[in-house]
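Okay, here's what each chain looks like letter by letter:
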Amino acid sequence: MIARQKHLLSAAALVTAIVLAPFAATHAMDYAGKTLKIVIPYGPGGTYDKYGQTFARHLGNHLPGKPNIIVVHMPGAGGVKAMNWMYNVMPKDGMNMITPLDNSVVNQLMRPEKMRFDAGKMRWLGTSNQTNLVLVVRSDTGVKTVADMKNKALVGGASGKNSTGFIGPRLAAGLLGWNISMTTGYKGSSKTIFSVEQGETQMAMYNWLAWGSKVPHWFKGDKPFGNIVLQIGIWRDPDVPKTVPMLSDLVTSPEDKAVVAFVASLGALGRGLAMPPGVSSDAVATLRKGYDGMNADPAFEQELKKRKLRLIPATGAQIEKIVADSIKGATPEVVEKARKIIFGG
């Protein structure tokens, strides 16, 4: 069993909360004979897809009428294409959901001209994992530690400039004085990691599950293919070696620490489900109760383990508060500094 950090809601605590908390919906939705849809903002194979596929297999078991649930992929613009579509076009009938970007708040505040959504108005159903960004560099570059990065000119890969795979490396490079360039256009973490393996790029930054579930062999033996160099998050990832530093521990000025904290907030959103504003309160309450029930179901956790995924659950109400607090706490000065470091200008 993966070790849970004490500040995160444990599965056992979640079960207790579900049993004790009253069901807030006035009228529970009946989904008998219906087909619900989950939109994945990336192509197949990544952790968004793997969690989304698992949600589709289990969420219906915890909804009235046990509906069928299908998955639809909508890659593009580092996941923003799907997010914009969800907010402005997705039917608000309580039958359509998205596995939302974990960097929704960060993107919304840093690039408002491209983000046609407001994370603070979305209806969050819950999450099943929290994630840190973990930088992995090919070992044949000679990079083993953060200190080695200052002496190298490296090429990184990412799906797009709006993706965490771009935001993380650019932030670290700007704050720590690295010389990197980023190649974008890969359709999700799987394609990007393959580019590292093929030598098209030399590094990438994704959540640890992407690395641990796709290429665990990279990190084994006396001569590993890749080295784990850095992580960005609010808390240390429980599965990443303790010797891997947090970016927040490597910057010293209050201004830089505030910028890192702002970007690090994306990890708390993890992998879950959300809907656009305008969905009825009955549908939201029904789906939140079902999502909590899924998170508490041993069969759901067992399938996550089989897929080399993990369960670190949080409720929709908790995620909604995290989003609201993140938006409220990000001052214009912090957002502007992060924007300049990551995107330039």
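Structure: see above.
Within each chain, residue numbers correspond to sequence positions counted from 1 in written order. Owing to the predicted nature of the model, reporting of local features is limited to residues with pLDDT of at least 70; listing and counting of side-chain atom pairs is limited to 80 or more, with chain, interface and lining totals taken over all residues. As a rule here, side-chain values come from all non-hydrogen atoms in the structure, and water together with hydrogens is ignored.

(A) Inspection of the environment of Lys 337 at higher detail. Helix numbering and strand numbering both begin at the N terminus, where a helix is a DSSP run of H or I of at least 4 residues and a strand a DSSP run of E of at least 2. Position of Lys 337 among the secondary structure elements: in helix H14 (residues 332–343). Take Lys 337: its relative accessible area is 31%, and that puts it in the partly exposed class. Sequence separation between Lys 337 and Asp 30 is 307 residues; the distance between their C-alpha atoms is 48 Å. Apart from the residues within four sequence positions on either side, Lys 337 is in contact with Glu 255, Asp 256 and Val 259. Summary of the burial criterion: residues with accessible area below 20% of their type's maximum are buried, those above 50% are exposed, and those between are partly exposed, where the area comes from a 1.4 Å probe applied to protein chains only. Whether two residues touch is decided by their heavy atoms; if any such pair falls within 4.5 Å, the residues are in contact.

(B) Representation of the nonpolar core in the model. What makes a nonpolar core is a set of buried Ala, Val, Leu, Ile, Met, Phe, Trp, Tyr and Cys residues whose side-chain atoms join them at distances within 4.5 Å. Of all hydrophobic cores here, the largest spans 89 residues; its most connected members are Met 149, Trp 178, Leu 247 and Phe 262. The biggest single contributor to this core is helix H6 (residues 164–176), with seven residues. Here Phe 262 is in contact with Val 106, Leu 109, Met 110, Ala 330, Val 334, Val 335 and Ala 338, once residues within four sequence places are set aside. The next biggest cluster of nonpolar side chains, apart from the first, holds 14 residues, and it includes Val 136, Val 215, Val 240 and Val 244.

(C) Structural view of the packing of H6 against H14. Direction vectors running N to C along H6 and H14 enclose 95°, while the axes themselves pass 8 Å from each other. Here H6 is positioned roughly perpendicular relative to H14, judged by the angle of their axes. Along its contact with H6, which presents Phe 166, Ile 167, Arg 170, Leu 171, Gly 174 and Leu 175, the element H14 presents Ile 341, Ile 342 and Phe 343. Per-class residue counts for the contact of H6 with H14 are seven nonpolar, one polar and one charged. Interaxial angle, 0 to 180 degrees, is taken between N-to-C directions of lines fitted to C-alpha atoms, where a helix line uses only the stretch in contact. Throughout, the term roughly parallel applies to angles under 35 degrees, roughly antiparallel to angles over 145, roughly perpendicular to angles from 65 to 115, and oblique to all others. Residues are grouped as follows: Ala, Val, Leu, Ile, Met, Phe, Trp, Tyr, Cys and Pro are nonpolar; Asp, Glu, Lys and Arg are charged; all remaining types, including Gly, are polar.

(D) Quick look at the packing of aromatic side chains. What counts as a ring pair is set by centres within 6.5 Å for rings of Phe, Tyr and Trp (its six-membered ring), and what kind of pair is set by the plane angle: stacked under 30 degrees, edge-to-face over 60, tilted for all other angles. A full pass over the atoms with the stated rule returns 10 aromatic pairs. A centroid spacing of 6.1 Å and a plane angle of 15° characterise the contact between Phe 166 and Phe 343, whose relative ring orientation is stacked. Of the two residues, Phe 166 is situated in helix H6 and Phe 343 in helix H14; the sequence distance between them amounts to 177 residues. Residue classification places Phe 343 among the partly exposed residues on the basis of a relative accessible area of 21%. Here the aromatic residues Tyr 206, Trp 208, Trp 211, Trp 218, Phe 219 and Phe 225 are joined through ring pairs into a cluster of three or more. The rule is short: NZ of Lys or CZ of Arg within 6 Å of the ring centre and within 35 degrees of the ring normal puts a charge over the ring. The aromatic ring of Phe 343 is capped on one face by Arg 111, whose charged end is 4.3 Å from the ring centroid. Its end group placed over the ring of Tyr 48, Arg 271 keeps NZ or CZ at 3.7 Å from the ring centre.

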